[in-house]
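Results of the structural survey
Spelled out from the first residue to the last, the chains are:
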Amino acid sequence: MNWFIRTILFLFLAIQFACINQRPDVDCETYAEANNPDTFVDPLWAKTGRGLHASIASTNMRYKSNRVPMEVVTKEKHFTAWRGERVSSQIVLWSVSDIKQVECEWSAIVSEHGDTIAAENLQTRFIRYVLSDNYGEGCGSRDKSAGNVSLRGDLLEELPGMQLAANTVRPMWLNIDVPRDVTPGIYRTSLFIYSHKNSPQELRFTMEVLEHTLPEPSDWNFHLNLKQDPLAIADWHRVEAWSEEHFEQMRPYYALLALAGQKGVSCDLFETLSKDTRNGQKALVSCKQLKNGKWQFNYSNFEQWIEYMNEIGIDAYINVFSLYPKSGVLNYYSELTTAIESINLDTSKLTDGWLHAFMKDFAGYLKQKAWFDKTSLVIEDTRNEHLNLIVAANTETEANFSLNLAAYKYHPEALDYVNHIAMSPQYILVDDIIKERRSVNKKTSLVITCENERPNLFTFSEPAEASWLAWYAALHGLDGLYYESFNVWEEEPYIDSRTDSKPAGADYLIYPGAKSSIRFERLIEGIQDYEKIRLLSKGFNPDQKGELNDVLSRFSLSGINTEPAHVTVDRARLVLENLAK
């Protein structure tokens, strides 16, 4: 009998072993991440069993690549979601030995009544590590050789599979995009994690889809304004600016931005490619001075850009930045010298005549295109003289552009003439003034720059800070968020998110190749919460309003320095979830 049992057990184990890896080989080649500057050897590795370990994890954590992420694993998770919502989760994989070809596959997602959600609505991405730093002195010159460097998970990359080195951690980011037409109910699915010479791991997810529906991102009220830089994409992909190839490369980047509810097209009118700074023809608007001293302007690149973004779905506003280029130098073609010339706009006698001529001509062009009413001149108050000159020229030329102000300082004198003002958190106006501005159709938003240690969107920031921003906006009745850079990269952003002048990651929320980030996904999560608050609060009774106001009151600048952002956000999301049921 014992012989018979041993034989059966041997055959069972042999069959199990033979079935461990019957999957075809996939291409796991990818770039090498930076070496981890943290040389600490976690003693928990010695206590970790062999094979691949997998667990559902918190989206609030950036798990270190060389530390055992947890001692107790979680195999099940419950979501509550609205129709039209994107829900996220994080899982972590780790092993004491090399693991070959780690790959994931979702099972069908099916409700208790047999309704399904298509596989195209499920997404898994590997979280890649980048070098980061800390806040330090904030804005200003930074020393990359300083000892504050660390390795942080941020970049999200969709790959068929990855290799996992011994004594390392690989997090993954999961998304479920709930269709707007799905039947409410309880849905279940599993994520299976396969690898060579290891049994499959199963992580189980249950999602309760409520009857509420989020509108399309284009219809969200939250005024998201992430400043785009199309020339940075031309630079990165080494294509000619405004060529067919350039527009093809840009599409996935700005389609991703549209899914976050972006409302406006960013236009740095006179900026040029970094490698071609003397070629004014590559700017959105090129300038020509005639022999008689008059100015002519060519809007062909600008027109292509606006029409292209409208096709993508970013079409509500045109935000015109940089009437003064960052360098302060304007390149133009001189009919007199038949060459590209330049003037320093801060010192040249030509500046006043050029600015007045441009504003009048540009206003006429926009009216001809029926774009004038949705166009605003966005002034960044880092240079007060530019603010004053543009405001004066707008009046003197009778162009009457709508003016927006990204205010890093408090400007009470601007409240009357600025249509949309974006303020740093420490200068947010009292709520009565915000309500008064809204009553006359003027907007007030939050602006985040490298001047703010927290909340912020750096690669070392707590992930929940990205969601915290929209909750703070909801508390104060703010209309949205302005962030000064969506896609401006250093030389190796896949490897190193640090810069020479700002905290790490300050200049971008997505990576080359239109790869998203933890920061960007958590920002979308917060904006969805803002929309839920807007929709639900219309029908709240006094008790429900009191419950919501109580949890909103926890979002304060003093509070974020004493209570981690994820504690405040998680508490608020739980209250909102209960109020929705």
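Look above for the structure.
Notes on the structure follow.

The rules behind these values
- Residues numbered from 1 in each chain as written.
- Predicted model: local features only at pLDDT ≥ 70, side-chain atom pairs only at ≥ 80, totals over all residues.
- Heavy atoms only, no water.
- Helix = DSSP H or I, 4+ residues; strand = E, 2+ residues; numbered from the N terminus.
- Rg over C-alpha atoms; globule rule 2.2 N^0.38 Å.
- Buried < 20%, exposed > 50% of the residue type's maximum accessible area, 1.4 Å probe, protein only.
- Areas by Shrake-Rupley, 256 points an atom, 1.4 Å probe, with all protein chains shown as cover.
- Salt bridge = Lys/Arg side-chain N within 4 Å of Asp/Glu carboxyl O.
- Contact = heavy atoms within 4.5 Å.
- Core = buried A, V, L, I, M, F, W, Y, C linked by side-chain atoms within 4.5 Å.
- Pairing = 2+ DSSP bridges.
- Expected span 1.5 Å × (residues − 1).
- Arc of directions from axis to C-beta.
- Axes fitted to C-alpha atoms, helices over the stretch in contact; angles between N-to-C directions.
- Parallel < 35°, antiparallel > 145°, perpendicular 65-115°, else oblique.
- Left-handed = near helix turned anticlockwise from the far one by under 90°.
- Right-handed = clockwise from strand over helix to strand, strands pointing away.

With that settled, consider the overall build of the chain. Looking only at helices and strands, one finds 12 helices and 24 strands in the chain. The C-alpha radius of gyration computed for the chain amounts to 27 Å, which stays within 12% of the reference 25 Å derived for 581 residues, consistent with globular compactness. Taking all 581 residues of the chain together, 56% fall into the buried category. For the chain, the accessible surface area stands at approximately 25,800 Å², while carbon and sulfur atoms represent 49% of it.

Let us now look at the pattern of salt bridges. In total, this model carries 36 salt bridges according to the counting rule given. Residue R498 pairs with D496 through a salt bridge whose shortest N-O separation is 2.8 Å. The exposure class of R498 is buried, given its relative accessible area of 9%. Each of E85, R522, E525, D529, K532 and R573 takes part in salt bridges that share partners, so that together they form one network.

With that settled, consider the environment of P493. With respect to the helices, strands and loops of the structure, P493 is situated in the loop between β24 (480–483) and α9 (518–537). Sequence separation between P493 and I510 is 17 residues, and the spatial gap between their C-alpha atoms is 9.7 Å. Aside from chain neighbours lying at most four places away, what touches P493 is V130, W236, Y508, Y511 and P512.

Take the nonpolar core next. Ranked by internal contacts, the top residues of the largest apolar core, which has 135 residues, are Y254, L269, F302, W305, L323, F358 and F362. If sequence neighbours within four positions are ignored, Y254 has contacts with Q228, D229, P230, I233, W305, M309, I312, I314, F486 and N487. Of all hydrophobic cores here, the second largest spans 31 residues; its members include I99, W106, L122 and L191.

Let's shift gears to the pairing of strand β13 (residues 223–226). By the alternation rule, side chains of β13 split into H223 and N225 and L224 and L226, which are all buried. Here four bridges tie β13 to β24, and the two strands are oriented parallel to one another. For H223, the partnering residue across the bridge sits in β24 and is G480.

With that settled, consider helix α12 (residues 565–580). With 16 residues, α12 extends 22 Å from end C-alpha to end C-alpha; this agrees with the ideal 22 Å at 1.5 Å per step. When we look at burial in α12, the residues that qualify are A565, T568, V569, A572, V575, L576, L579 and A580. Buried residues of α12, viewed axially, fall in a sector of 135°; they line one side. For α12, the elements touching its buried residues are β2 (76–83), β12 (198–213), α8 (464–476), α9, α10 (542–552) and α11 (557–560).

If you want to describe how two helices pack, look at the angle between their axes and the distance between the axes. One can describe the packing of α10 onto α12 by two numbers: an axis separation of 9 Å at closest approach and a directional angle of 165°. Classified by the angle between their axes, α10 and α12 sit roughly antiparallel to one another. By crossing handedness, the relation of α10 to α12 is classed as left-handed. Of the residues in α12, those in contact with Q544, E547, L548 and V551 of α10 are R571, A572, V575 and L579.

Another point: the environment of A260. Here A260 shows up in the loop between α3 (244–259) and β14 (264–268). According to the relative accessible area criterion, A260 is buried, its value standing at 1%. Each C-alpha atom, one on A260 and one on A514, is 13 Å from the other, the two residues being 254 residues apart in sequence. Beyond its immediate chain neighbours, meaning those up to four positions away, A260 contacts W220, L224, F520, I524 and I527.

A sheet is described by the order of its strands in space; here four strands give the open sequence β16-β15-β18-β19, paired in mixed fashion. Looking at the sheet topology across the chains shown, the edges are occupied by β16 (295–298) and β19 (339–344). Across the sheet, the mean angle separating the axes of adjacent strands is 35° when strand polarity is ignored. Taken strand by strand, helix α5 (residues 351–368) contacts β15 (286–289), β16, β18 (329–334) and β19, and its axis lies near 50° from that of β16.

Before going further, it helps to spend a moment on the sheet that holds β24. With parallel pairing, the eight strands of this open sheet are ordered in space as β13-β24-β23-β22-β21-β20-β17-β14. Edge positions in the open sheet fall to β13 and β14, since each of these has one partner strand only. Between one strand axis and the next, the sheet turns through 25° on average, direction left out of account. Note: strand β20 (residues 375–380) against strand β21 (residues 402–407), five bridges, orientation parallel. Looking across to β21, one finds that L377 is bridged to L403.

Once that is clear, we can look at the packing of α3 against helix α4 (residues 300–312). Their axes nearest at 10 Å, the elements α3 and α4 cross at an angle of 50°. Considered as vectors, α3 and α4 are oriented oblique to each other. Handedness of the crossing formed by α3 with α4: right-handed. Within the contact between the two elements, α3 uses F247, M250, R251, Y254, A255 and A258 and α4 uses Q304, W305, Y308, M309, E311 and I312.

Quick look at the pairing of β24 now. What you see with β24 is no split at all: G480 and Y482 on one side and L481 and Y483 on the other are buried throughout. Handedness of the strand β23 (residues 443–448)-α8-β24 crossover: right-handed.

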